[in-house]
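# Structural overview
The chain contents come next:
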Amino acid sequence: MDQGDAVPIAELWEERRFLLDVAHWMLGDPGTAESVVDEAYQRWYRLSDAARRQITVPRSWLAKTVGGICLGLLALPSRGSAGPEAEDGRPSEVEEEAGRVVLNALESLSTAERAAFVLRAFGLAPGAVADIVGRTEPELAELAERARQWLQSQRTRSTTPQQHDAAVRAVRRACVKEDGELLTSLLCPDVTAFFDGGGKVRALTGPVHGSQPVTDSLLTLLARRPRTTLTTHSVNGRTGLVARYGRQVAAVISLDVANDRVAQLWVMLNPDKLRSWNQPHTDGGAGSVASP
């Protein structure tokens, strides 16, 4: 190894944490996730120096390797799930409970659906995910959407269109006022937010859990700046939020509401998926956006 191979310790730590999160969400077992990530690094170091130099983004290669190992484990008939366990430096009790809720819902999905949803939610490129799952990109999109709809049905209880609209408009007011206390009160304690940048913008990778972390993430993303606006708009047939920078749609947010509080948010930041929203003749798009 020469000096050109040196990596800052912060980057090393963040990379391993990211890989552990991917494996944990796919398998539901933190212990097995550790083993999977260790195996991925072992495969990295089994490569020749020349082969490693050909990999321009090591983190993406490692994530793809972790996904492939997890998929193999998910296919085993004897595989069990232990659920998250609290560890020093890990998420708070509220965030752990949020993770438990979503993991339990994910457990009901097929192997392909779970893999497609989790890998896309963690920001892997569609081509890489399709390669791991062994499906075409259109098939992958269908699997991820089916998974998203299943999670939504698991989390969203009976809410009238009027209740949904009122909750979303209240969230918009809180974001525009940058009122963190108000926004937190409008979210379920175990709310989960997914951010999809598609690798095209520096979006958060992985789900964010708990009312306070989600509040902080949203207010940071939607911070008031010159030319930045936030409006309500029909998204997937229900009231959602559209953030614009100047005349360009920069983010589309769909929300799932349960008992007058937001249970899940899906924040689309991928410029490719926002292209239809930025067509001049649509004035904001067709009111639909693909999920992770």
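Here, the structure is the one placed above.
The text that follows walks through the structure, step by step, so that each part is easy to find. (Residues numbered from 1 in each chain as written. Predicted model: local features only at pLDDT ≥ 70, side-chain atom pairs only at ≥ 80, totals over all residues. Heavy atoms only, no water.)

Here we come to the pattern of salt bridges. Under the criterion given, the structure shown has 10 salt bridges. The shortest N-O distance in the salt bridge between Arg-169 and Asp-165 comes to 2.8 Å. In this pair, Arg-169 and Asp-165 are both assigned in helix α9 (residues 161–177), 4 residues apart and thus about one turn of the helix distant. Assessed through its relative accessible area of 37%, Arg-169 is described here as partly exposed. Residue classification places Asp-165 among the partly exposed positions, given a relative accessible area of 22%. The salt bridge partner of Asp-272 is Arg-275, with a shortest N-O separation of 2.9 Å. (Salt bridge = Lys/Arg side-chain N within 4 Å of Asp/Glu carboxyl O. Helix = DSSP H or I, 4+ residues; strand = E, 2+ residues; numbered from the N terminus. Buried < 20%, exposed > 50% of the residue type's maximum accessible area, 1.4 Å probe, protein only.)

By the secondary structure assignment, Asp-29 is in the loop between α1 (9–27) and α2 (30–46). Within the local environment of Asp-29, its side chain forms a polar contact with the side chain of Thr-32, the two groups lying 2.8 Å apart. (Polar contact = N/O pair within 3.5 Å; in protein donor to acceptor, adjacent residues only side chain to side chain.)

Our focus in this paragraph is the sheet that holds strand β5 (residues 248–258). On the basis of which strands lie adjacent, the open sheet formed by 6 strands has the order β2-β1-β6-β5-β4-β3 and mixed pairing. The open sheet has two edge strands, β2 (208–209) and β3 (228–235), and neither has a second partner. Packing of α9 onto the sheet brings it into contact with β3, β4 (238–245), β5 and β6 (261–268), and relative to β4 it is tilted by some 25 degrees. Docked against the sheet, helix α11 (residues 211–221) engages β1 (187–196), β2, β5 and β6, running at close to 45 degrees with respect to β1. (Pairing = 2+ DSSP bridges. Contact = heavy atoms within 4.5 Å. Axes fitted to C-alpha atoms, helices over the stretch in contact; angles between N-to-C directions.)

Another point: α2. End to end, α2 covers 24 Å across 17 residues, agreeing with the expected 24 Å (1.5 Å per residue, within 8%). Three or more residues of α2 are buried, namely Pro-30, Ala-33, Val-36, Val-37, Ala-40, Tyr-41 and Trp-44. All buried residues of α2 lie within an arc of 135 degrees about the axis, which places them on one face of the element. Along α2, the residues that are exposed and aim more than 90 degrees away from the buried face are Tyr-45 and Arg-46. Buried residues along α2 sit in contact with α1, α3 (49–53) and α4 (58–74). The backbone nitrogen of Gly-31 has a side-chain oxygen 3.0 Å away, supplied by the residue at the start of α2, namely Asp-29. (Expected span 1.5 Å × (residues − 1). Arc of directions from axis to C-beta.)

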